[in-house]
Amino acid sequence: MATLGVPRIGRRRELKFALESYWSGKSSAANLLATAKALRAASWSEQHDRGVSKIPSNDFSLYDHVLDTAAMVGAVPARYGWMSGEVPLDIYFAMARGTQGDTAGCGHASHGHAVQGQRVTAMEMTKWFDTNYHYIVPELGDDQTFALSSTKPVDHFLESKELGIHTRPVILGPMTFLKLAKSPDQGFNPIALLPRLLPVYEQLLGRLELSGADWVQIDEPALVLDLNPNERAAFEFTYGQLSKAAPKLKIMLATYFGPLGDNLETALSLRLAGLHLDLVRAPEQLVTVGRLAPKDLVLSLGLIDGRNVWRANLNAILDRIEPVIAGWPLDRVEIAPSCSMLHVPMDLRMETALDVDVGSWLAFAAQKTEELLVLAQALSEGREAVAGALKASEEAAAARAMSGKVHDPLVHGRVSSIDGGKKQRKSAFAKRSRVQADTLGLPPFPTTTIGSFPQTPEVRRARSAHAKGRLSYIDYQAFLKKETEAAVRWQEEIGLDVLVHGEFERNDMVQHFGEQLSGLAFTQHGWVQSYGSRLVRPPIIFGDVSRPNPMTVHWWQFAQSLTKKPVKGMLTGPVTILNWSFVRDDVPRAEACCQIALAIRDEVADLERAGARVIQIDEAAFREGLPLRKSDWKHYLGWAVECFRIASTGVEDATQVHTHMCYSEFNEIIDSIAELDADVISIETSRSKMELLDAFTKSKYPNEIGPGVYDIHSPRVPEVGEILHLAQLARERLSDSQLWVNPDCGLKTRKWEEVRPALINMVAAARALREKVQAQAAEPL
């Protein structure tokens, strides 16, 4: 059995703290690398001790495995000043985070590279397929050259070998790497670089073979996407070459996140040693693959969900696969999770406060490894050899299906009573916008932020002390009020137009709401990586969802009492709560989302009754829920749009509804974005230099837009001129009456010393823009 990949962060988030200590200058590179090495050793040892036969190496990364691949092949954009040799740590982190100018963006000097002392922007970041994990997007131009600039896969294999553990190195496949890349050269397809890239992969495979590796796992999730004939031919060419690069090294080609579908013939034609199938997302493909696969092909069966936390019904899995693989030699079958377990928490045994029943229905990475072992043993020795484990999993599945904690008739009744009136605003945007302009009285290019302000160490300490009983409820509330008042006063002082309360009482934009909704559970240590050191603890939607009480009204009222300027009511949208949670798998996702939408609708109504005239319903994860195959988009977009409208349309015309979306390519879903009918949408555009606005321009999007002019994922402070330049690029694409000025996203993860000057510069840029437009309007024709 194999695990494909496991969480990197450490049982106690050791990687996060080591990274942040290094970036702040408090610890050395040697300390960071030592922590990373210890985490790898612990992971390999734990898997070895549990009996995993195919243990992955090189699944560990200091930031992101796609960034690792870019560094490995020498795909470093020219602005970072790298010329040749191994990519140093400071440049690696500069690619991920940008630089402020006096350092390499990581708290340490740059050791003579051109990045030292410069203000360099980070590379673009977006979601890894349809997961909540972010990857750094490779930048590849038509003049790109490649060289083997890191031997990390070899180094980690040898590192495990020194511990007496023989691993299977994991590398990102060249086709997926190129398919995910972006080119600054308009019209250039990075796939054209394949002949230049393959020699680097061939060199790497040769080194792995010389190091003693007998198998290598090459991840090609791009094989589950819509591919054109040229891309399928490129796959055939690629693996025709790579299969000859190291004749003794067997390749396990890993596909996941969906079915191979019309790419199946291509995958089977590659004639490699092994093929991994995601049989959680696409269980139906096993029969076809089993019939068509070459007799010597090792099939890796992805039977345990590597992306969700539910305990498997192991007997049901065996019932499904045993008839298909009957008669197959055991050496042709490998049991595995559906994909890398990077996307799930580490170990359920760390959770001591979960509801007992809910906990009995769950499995994290460690428990999933145990489930894999039971399946492997049942297939090799018979079910009677693991009868106790099989019975326990079946009983847990039955208990979950019948539990009163899962099913609420009142929620089902509300969902069934939804009619068309709950999906429409009272008036069209053209009329609403005039009413809102009169009500709010905002200047041209109004300024705002996306919602959150820095969660400082003081804020986190106070929250922790309150949670542990060391800070009373009264004292904690007083602390939060002080932080909120300071934030509101400061926003007024610098001249922001629409204010926020800062969200100091919120631990996470999904968790904060989930903790106040019924049908959701939360963990203490269920951390998963979003990107770099950014970790989240996704809620677990285990049952029907409802809102027992108002969730945000109190803090909005307090903030609004401090100012005459409008303060936004800040909510997380139903699609985002769904997509950023571990979702129940016993009902359709659309049904679960509709339940959440009704709960948010109730909150919107309460905010409006309290006097809120601007309410933001963030749908940061709207696009990332899109199925990977376009043929499945219509169904998803239909219910996702409907759920947002259920949540947002119960207000009067004078109430301005905002939404926010994170890094997304909007071109192909712009009609659905328009159907949301939000009065204002803010989006992340700074790293794309406003290119993402092109979709809104081409579609003649009528509503208002706040394109991000300040990259909050980087510690660097943008200058006024830089922000003004981005705003001017936005003006080239949209009318002045549509444009807002705001950061890319919330500011929770940044420091006040970064946020204060950045927002001051942003407000100054907006004022300069207004003056420029006024001056132009005053000029004689």
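Reading the values: the criteria
- Residues numbered from 1 in each chain as written.
- Predicted model: local features only at pLDDT ≥ 70, side-chain atom pairs only at ≥ 80, totals over all residues.
- Heavy atoms only, no water.
- Helix = DSSP H or I, 4+ residues; strand = E, 2+ residues; numbered from the N terminus.
- Rg over C-alpha atoms; globule rule 2.2 N^0.38 Å.
- Buried < 20%, exposed > 50% of the residue type's maximum accessible area, 1.4 Å probe, protein only.
- Areas by Shrake-Rupley, 256 points an atom, 1.4 Å probe, with all protein chains shown as cover.
- Lys, Arg positive; Asp, Glu negative; His and termini not counted.
- Charge placed at Lys NZ, Arg CZ, Asp CG, Glu CD.
- Pairing = 2+ DSSP bridges.
- Axes fitted to C-alpha atoms, helices over the stretch in contact; angles between N-to-C directions.
- Contact = heavy atoms within 4.5 Å.
- Polar contact = N/O pair within 3.5 Å; in protein donor to acceptor, adjacent residues only side chain to side chain.
- Expected span 1.5 Å × (residues − 1).
- Arc of directions from axis to C-beta.
- Core = buried A, V, L, I, M, F, W, Y, C linked by side-chain atoms within 4.5 Å.
- pLDDT = per-residue confidence, 0-100.
- Parallel < 35°, antiparallel > 145°, perpendicular 65-115°, else oblique.
- Nonpolar A, V, L, I, M, F, W, Y, C, P; charged D, E, K, R; others polar.
- Phe/Tyr/Trp six-rings, centres within 6.5 Å; stacked < 30°, edge-to-face > 60°.
- Lys NZ or Arg CZ within 6 Å of the ring centre and 35° of its normal.
- Salt bridge = Lys/Arg side-chain N within 4 Å of Asp/Glu carboxyl O.

## Remarks on the overall build of the chain
Then comes step 1: Assigned secondary structure in the chain consists of 27 helices and 18 strands.
Then comes step 2: For the chain, the C-alpha radius of gyration of 26 Å lies close to 28 Å, the compact-globule estimate for 781 residues.
Then comes step 3: Overall, the chain is about 80 × 65 × 55 Å in size when its C-alpha atoms are taken along their principal axes.
Then comes step 4: Looking at the 781 residues of the chain, the share that counts as buried comes to 62%.
Then comes step 5: Counting only carbon and sulfur atoms, one obtains 53% of the accessible surface of the chain, whose full area is about 29,300 Å².
Then comes step 6: Considering the chain, the positive charge centre built from 86 side chains and the negative charge centre built from 96 side chains are found 2 Å apart.

## A word on the sheet that holds strand β1 (residues 55-57)
Then comes step 1: An order of β1-β4-β5-β6-β7-β8-β9 is seen for the seven strands of this open sheet, with the pairing classed as parallel. On the outer flanks of this sheet lie β1 and β9 (333-337), each paired with one strand and no other. The average angle at which neighbouring strand axes cross in this sheet is 30°, direction not considered.
Then comes step 2: The pairing of strand β8 (residues 298-304) with β9 spans five bridges and is parallel. Bridging from a neighbouring strand, Ser-300 pairs with Glu-334 of β9.
Then comes step 3: Here helix α13 (residues 365-381) sits on the sheet and contacts β8 and β9; the angle it forms with β9, its principal contact strand, is near 160°.

## Section: the environment of Ser-243
Then comes step 1: Within the element layout of this structure, Ser-243 appears in helix α8 (residues 229-245).
Then comes step 2: A relative accessible area of 33% means that Ser-243 is categorised as partly exposed.
Then comes step 3: Along the backbone, Ser-243 and Glu-719 are 476 residues apart, and their C-alpha atoms lie at a distance of 50 Å.
Then comes step 4: Here Tyr-239 takes part through its backbone oxygen, which lies 2.8 Å from a polar atom of the side chain of Ser-243.

## Quick look at helix α16 (residues 429-440)
Then comes step 1: Relative to the 16 Å expected for twelve residues at 1.5 Å per residue, α16 spans 16 Å between its end C-alpha atoms, a close match to the ideal helical length.
Then comes step 2: For α16, the complete set of buried residues consists of Phe-429, Arg-432, Ser-433, Gln-436 and Leu-440. Buried residues in α16, looked at end-on, bunch into an arc of 100°, giving them a common side. Across from the buried face of α16, at angles greater than 90 degrees, the exposed residues are Arg-434 and Asp-438.
Then comes step 3: Two residues or fewer after α16 comes Gly-441, characterised by a positive phi angle close to 60°.

## Focus on the nonpolar core
Then comes step 1: Residues Phe-453, Ile-600, Phe-622, Ile-673, Phe-696 and Leu-759 are the most contacted members of the largest nonpolar core, which totals 107 residues.
Then comes step 2: When residues no more than four places from it in sequence are discounted, the contact partners of Phe-696 are Phe-666, Ile-670, Ile-673, Ile-681, Ile-683, Tyr-701, Ile-705 and Leu-734.
Then comes step 3: Ranked by size, the runner-up nonpolar core spans 91 residues in total, among them Phe-129, Leu-242, Ile-251 and Val-333.

## A closer look at the confidence of the model for the chain
Then comes step 1: Residues of the chain with pLDDT of at least 70 account for 97%, and the chain-wide mean is 94.
Then comes step 2: Confidence drops under a pLDDT of 50 for residues 103-114, and excluding neighbours within four residues, the segment shows 37 contacts in the predicted structure.

## So, the packing of helix α1 (residues 14-23) against helix α4 (residues 89-97)
Then comes step 1: Packing of α1 against α4 leaves a shortest axis separation of 13 Å and a crossing angle of 100°. Put simply, α1 runs roughly perpendicular to α4. From α1, Leu-19, Tyr-22 and Trp-23 reach across to α4, where they touch Leu-89, Phe-93 and Arg-97.
Then comes step 2: Of the residues that constitute the contact of α1 with α4, the class distribution is five nonpolar, no polar and one charged.

## Remarks on the environment of Phe-257
Then comes step 1: Mapped onto the elements, Phe-257 comes out in the loop between β6 (250-254) and α9 (264-269).
Then comes step 2: On the accessibility criterion, Phe-257 (3% relative accessible area) is buried.
Then comes step 3: In the structure, Phe-257 is positioned 50 residues away from Arg-307 in sequence and 9.1 Å away in space, judged by C-alpha atoms.
Then comes step 4: Apart from residues no more than four positions distant in its own chain, Phe-257 is found in contact with Trp-128, Phe-129, Asp-130, Thr-131, Pro-221, Val-224, Asp-278, Arg-281, Arg-307, Cys-339, His-343 and Leu-628.

## Concerning the pairing of strand β14 (residues 569-572)
Then comes step 1: The alternating pattern of β14 places Gly-569 and Leu-571 on one face and Met-570 and Thr-572 on the opposite face, and all of these are buried.
Then comes step 2: Of the pairings in the sheet, the one linking β14 to strand β15 (residues 614-618) comprises four bridges and is parallel in character. Paired with Gly-569 across the bridge in β15 is Ile-615.

## Describing unusual backbone geometry
Then comes step 1: Here Arg-13, not a glycine, exhibits a phi torsion of approximately 60°, which is positive.
Then comes step 2: On the secondary structure map, Arg-13 appears in the segment before α1.
Then comes step 3: Residue Arg-13 is classed as partly exposed on the basis of its relative accessible area, which comes to 23%.
Then comes step 4: Residue Phe-129 is not a glycine yet carries a positive backbone phi of 50°.

## Observations concerning the packing of aromatic side chains
Then comes step 1: As enumerated under the stated definition, the model contains 17 aromatic pairs in all.
Then comes step 2: Plain terms: the ring middles of Tyr-256 and Phe-257 are 4.7 Å apart, the flat faces sit at 80° to each other, and that makes the pair edge-to-face.
Then comes step 3: When the centroid spacing of 5.2 Å and the interplanar angle of 40° are considered together, the rings of Phe-453 and Trp-752 count as tilted. In this pair, Phe-453 is assigned in the loop between α16 and α17 (457-467) and Trp-752 in helix α27 (residues 752-778), connecting sequence segments 299 residues apart. Exposure class is identical for Phe-453 and Trp-752. Each is buried.
Then comes step 4: In textbook terms, an aromatic cluster arises when at least three aromatic residues are bridged by ring pairs, as seen for Tyr-22, Trp-23, Tyr-63, Tyr-92 and Phe-93.
Then comes step 5: Between Arg-97 and the ring centre of Trp-23, over which it is positioned, the NZ or CZ distance is 3.9 Å.
Then comes step 6: The ring centre of Trp-310 lies 3.9 Å from the NZ or CZ of Arg-400, which sits over that ring.

## Some words on the sheet that holds strand β16 (residues 656-661)
Then comes step 1: Pairing is parallel across the open sheet formed by five strands, whose spatial order is β14-β15-β16-β17-β18. Whereas interior strands pair on both sides, the edge strands pair on one side only; in this sheet they are β14 and β18 (704-707). On average, each strand axis in the sheet is inclined to that of its neighbour by 20°, with strand direction left out of account.

## Thoughts on the pattern of salt bridges
Then comes step 1: By the definition in use, this model includes 47 salt bridges.
Then comes step 2: Measuring nitrogen to oxygen at the nearest pair gives 2.8 Å for the salt bridge that ties Asp-130 to Arg-307. Here Asp-130 is found in the loop between β2 (125-127) and β3 (134-136), whereas its partner Arg-307 is found in the loop between β8 and α11 (314-325), with 177 residues between them in sequence. Accessibility assignment for this pair places Asp-130 and Arg-307 in one class, buried.
Then comes step 3: Among the ionic pairs, Lys-405 bridges to Asp-355, the shortest N-O distance being 2.9 Å. Separated by 50 residues along the polypeptide, Lys-405 in the loop between α14 (387-402) and α15 (409-416) and Asp-355 in the loop between β9 and α12 (356-360) bring together distant segments of the chain.
Then comes step 4: By relative accessible area, Asp-355 is classed as partly exposed at 33%.
Then comes step 5: Within this structure, Arg-400, Asp-544, Arg-584, Asp-585 and Asp-586 form a network of salt bridges that share partners.

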